Amino acid sequence: MKLNYINDINPANGKIIKKIKCSSSKEIQAAVKKARNAFSSWSNTPLKERSRLMEAAAKDFIKEKERIGKLITDEMGKLYKSAVGETHSVAYGIRESIEQAKEALKTEKYTEENLITELHRTPIGVCAIITPWNFPVSMPESLLSPALLAGNTVVFKPSENVPLTGEAIYNIFNKHLPAGVINLVQGADEVGSELIHSDIDMIAFVGSQKVGKIIMNAASDKLKRIVLELGGKDPMIVLKDADIEKAAKFAVNGSLRNTGQVCVSVERIYVDEKIHDKFIRLVEEGVKNFKYGNGYDDSVMMGPMVSEEQRKNVVSQVKDAVKNGAKLVTGGKAVNTDNGYYMEPTLLTNLNNSHRIMTDETFGPVVCIQKVKSEDEAVKLANDSPFGLGATVWTKNKKKGLDIARKIESGMIGVNQGIGSVSGTPWVGVKQSGYGFIGSVEGMRQFTVPRKISYSG
Ligand code: ADP
């Protein structure tokens, strides 16, 4: 049954912040129509002008970062300082896209004897943008900026967990862009489903693999273009010659930051048996010191989980692992301080691939460690997954690290560091972690279609 309202709940206290009306079928169709009507004028607006308006929006994100940061912390529990930082960084994301657009959208001219061919990068049309809640401003921005700069018009559906943050993003862009260029619909899966089946030309999506596959199916009716970023099950390989302190620190922070609700969280760690016990002792200390609590408390390192449902899923994965022979070193329990959806930072060891927590995406504050006998075994296990988003390798032998990195079936691999990469390069998953990619000059071109005009000189 279609919901009429979403309860926008603060995960730090379980209280309803606001009841948000879900868009009706009529409203969804009207939003698509408005986007369609605005397309001709927006797509013919010179890039310089589109960029000027987007820059005005970028400035507003900086101006409003405290207000939006507060909405984020209230709606999904993120640490307030991270929420403000994320909102500030959106301005840089927009500016990076403005720079990339100059290159990505340039008309190219080819000549062959007397023949001239112009290659134009033209916008696709109306783009549905559907996003998750874990990075509630930066994820939408990463799709909105290239879509809009390329000259498409947009119908944006934020996650049902962050509707007010979504509305704030919409309000900023809508204040600066011509009417109808960006449109907002609110709701959960039913609204998303209606939107992807409506008269649109493209769907850009960040979320679960399950919904990504639904979208790919829905896109076939009109051969709608798609860009999908679908999460991961990132492996971390720690070889016997790794800088063990540095690796342990990364394991803790990479697994627990944002309460483990990051598509490139460290989800499974393969550690050489020769350093396994020492590594666990260091990680245990880090996990036990990882303070959790309300996101407004400056001393806290992670906030509550986004929802009761998400917490249940993670606790059940932990219980299932323990029932099947894993060792719970610390944590594992739900904690209801102030009626919030907290979960203790958790460390599990003695794991293997038969445990659900080593194969399903967990999206919670759990560090999972499996002992391995060799590099080859670690690589084999790392690749034994339908996901292929991020991965890291830890060894003091850089050449060996780079060799192993090339063998790992992931889109983004860090050697002795996280996946942080040079700006302007794409955010990309292989295998079932994505279809297309986000960011970069090439990434922006996915929001266009090449068209040729040929004539003699
Ligand atoms: P998450 O659990 O991380 O939010 P989901 O893939 O469930 O991941 O949701 C991501 C986004 O996709 C949300 O905005 C959600 O409302 C939307 N969504 C969920 N189901 C569907 C669907 N069947 N069709 C279109 N959008 C959907």
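Just so you know, these numbers come straight off a predicted model, no measurement behind them.

## Remarks on the overall build of the protein
Broken down by element type, the protein carries 14 helices and 22 strands. Taken over the C-alpha trace, the protein has a radius of gyration of 23 Å; the compact-globule value for 457 residues is 23 Å, and the two agree within 12%. For the protein, the spread of C-alpha atoms along the principal axes amounts to about 70 × 60 × 40 Å. In the protein, buried positions account for 56% of the 457 residues. Within the protein, residue pairs in contact and separated by at least 24 positions form 71% of the contacts whose partners lie at least 6 positions apart. When the accessible area of the protein is evaluated, it comes to approximately 19700 Å², of which 53% is carbon and sulfur surface. The distance from the centre of the 62 positive side-chain charges to the centre of the 53 negative ones in the protein is 1 Å.

## Quick notes on the packing of aromatic side chains
All chains considered together, the criterion is met by 5 aromatic pairs. When the centroid spacing of 5.0 Å and the interplanar angle of 40 degrees are considered together, the rings of Phe 250 and Trp 394 count as tilted. Taken together, the positions of Phe 250 in helix H9 (residues 244–256) and Trp 394 in strand S17 (residues 390–394) put the pair 144 residues apart, joining distant regions of the chain. Judged by relative accessible area, Phe 250 falls into the partly exposed class, the value being 22%. What makes Trp 394 buried here is its relative accessible area of 3%. Just above the ring of Trp 42 sits the side chain of Arg 50; from NZ or CZ to the centre is 5.9 Å. The ring of Phe 135 carries Lys 78 above its face, with NZ or CZ at 3.7 Å from the centroid.

## Some remarks on the site of the ligand
The local shell around the ligand holds 17 residues, among which Thr 131, Lys 157, Glu 160, Asp 189 and Ser 208 are the closest. Here an oxygen atom of the ligand sits 2.8 Å away from a polar atom, N or O, in the main chain of Thr 131. Contacts to the ligand include Lys 157, whose side-chain N or O atom sits 2.8 Å from an oxygen atom. In isolation the ligand offers 550 Å² of accessible surface; the protein chains occlude 83% of this area. Listing elements by their share of the shell around the ligand, those giving two or more residues are helix H7 (189–196) and helix H8 (209–219). The element best represented in the shell around the ligand is H7, accounting for 4 residues.

## A short note on the sheet that holds strand S15 (residues 346–349)
Taken in spatial order, the 7 strands of this open sheet run S12-S15-S16-S11-S10-S17-S18, and their pairing is mixed. Bordering the open sheet on either side are strand S12 (327–330) and strand S18 (412–415), each of which pairs with just one other strand. Mean inter-strand twist for the sheet, computed between neighbouring axes without regard to direction, equals 20 degrees. Pairing of S17 with S18 involves 4 bridges; the strand directions are parallel. Each bridged residue has a counterpart across the sheet, and for Thr 392 the counterpart in S18 is Gly 414. Contacts between helix H11 (residues 308–323) and the sheet are confined to S12, S15 and strand S16 (366–372), with S15 contributing the most and set at about 30 degrees to the helix. Contacting strand S10 (234–238), strand S11 (266–272) and S16, helix H12 (residues 375–383) crosses the sheet at an angle of about 165 degrees to S11.

## Quick word on the sheet that holds strand S6 (residues 153–157)
The 6 strands lie next to each other as S7-S6-S5-S8-S9-S20, forming an open sheet whose pairing is mixed. Of all the strands in the sheet, just strand S7 (182–184) and strand S20 (434–435) have a single pairing partner and so form its edges. Both S6 and S7 contribute to a ladder of 3 bridges, which runs parallel. Of the residues in S7, the one forming a bridge with Phe 156 is Leu 184.

## Digging into H9
Between the first and last C-alpha of H9 there are 18 Å, a value that for 13 residues agrees with the 18 Å anticipated at 1.5 Å per step. For H9, the set of buried residues is Ile 244, Ala 247, Ala 248, Ala 251, Val 252, Gly 254, Ser 255 and Leu 256. On its buried side, H9 packs onto S10, S11, helix H10 (276–288), S16 and S17. Immediately downstream of H9, the backbone of Asn 258 shows phi near 55 degrees, a positive value.

## What about helix H6 (residues 163–176)?
Between its terminal C-alpha atoms H6 stretches 20 Å, which fits the 20 Å expected from 14 residues at 1.5 Å a residue. Along H6, the residues classified as buried are Pro 163, Leu 164, Thr 165, Gly 166, Ala 168, Ile 169, Tyr 170, Ile 172 and Phe 173.

## A word on the side chain of Glu 86
Tracing the sequence through the fold places Glu 86 in helix H4 (residues 80–104). With near-sequence residues (within four places) excluded, Glu 86 lies in contact with Lys 78, Phe 135, Pro 136, Val 137 and Ser 138.

## Digging into the pattern of salt bridges
Scanning the entire structure with this criterion turns up 30 salt bridges. Linking Arg 121 and Glu 108 is a salt bridge whose minimum nitrogen-to-oxygen distance equals 3.1 Å. Of this pair, Arg 121 sits in strand S4 (residues 115–123) while Glu 108 sits in strand S3 (residues 108–112); the two residues are 13 residues apart in sequence, bridging distant segments of the chain. Accessibility expressed as a relative area gives 18% for Arg 121, which makes it buried. A single salt-bridge network, built from bridges that share partners, covers Arg 36, Asp 199, Asp 201 and Lys 222.

What counts, and where the lines are drawn
Residues numbered from 1 in each chain as written. Predicted model: local features only at pLDDT ≥ 70, side-chain atom pairs only at ≥ 80, totals over all residues. Heavy atoms only, no water. Helix = DSSP H or I, 4+ residues; strand = E, 2+ residues; numbered from the N terminus. Rg over C-alpha atoms; globule rule 2.2 N^0.38 Å. Buried < 20%, exposed > 50% of the residue type's maximum accessible area, 1.4 Å probe, protein only. Contact = heavy atoms within 4.5 Å. Areas by Shrake-Rupley, 256 points an atom, 1.4 Å probe, with all protein chains shown as cover. Lys, Arg positive; Asp, Glu negative; His and termini not counted. Charge placed at Lys NZ, Arg CZ, Asp CG, Glu CD. Phe/Tyr/Trp six-rings, centres within 6.5 Å; stacked < 30°, edge-to-face > 60°. Lys NZ or Arg CZ within 6 Å of the ring centre and 35° of its normal. Near = heavy atom within 4 Å. Polar contact = N/O pair within 3.5 Å; in protein donor to acceptor, adjacent residues only side chain to side chain. Pairing = 2+ DSSP bridges. Axes fitted to C-alpha atoms, helices over the stretch in contact; angles between N-to-C directions. Expected span 1.5 Å × (residues − 1). Salt bridge = Lys/Arg side-chain N within 4 Å of Asp/Glu carboxyl O.

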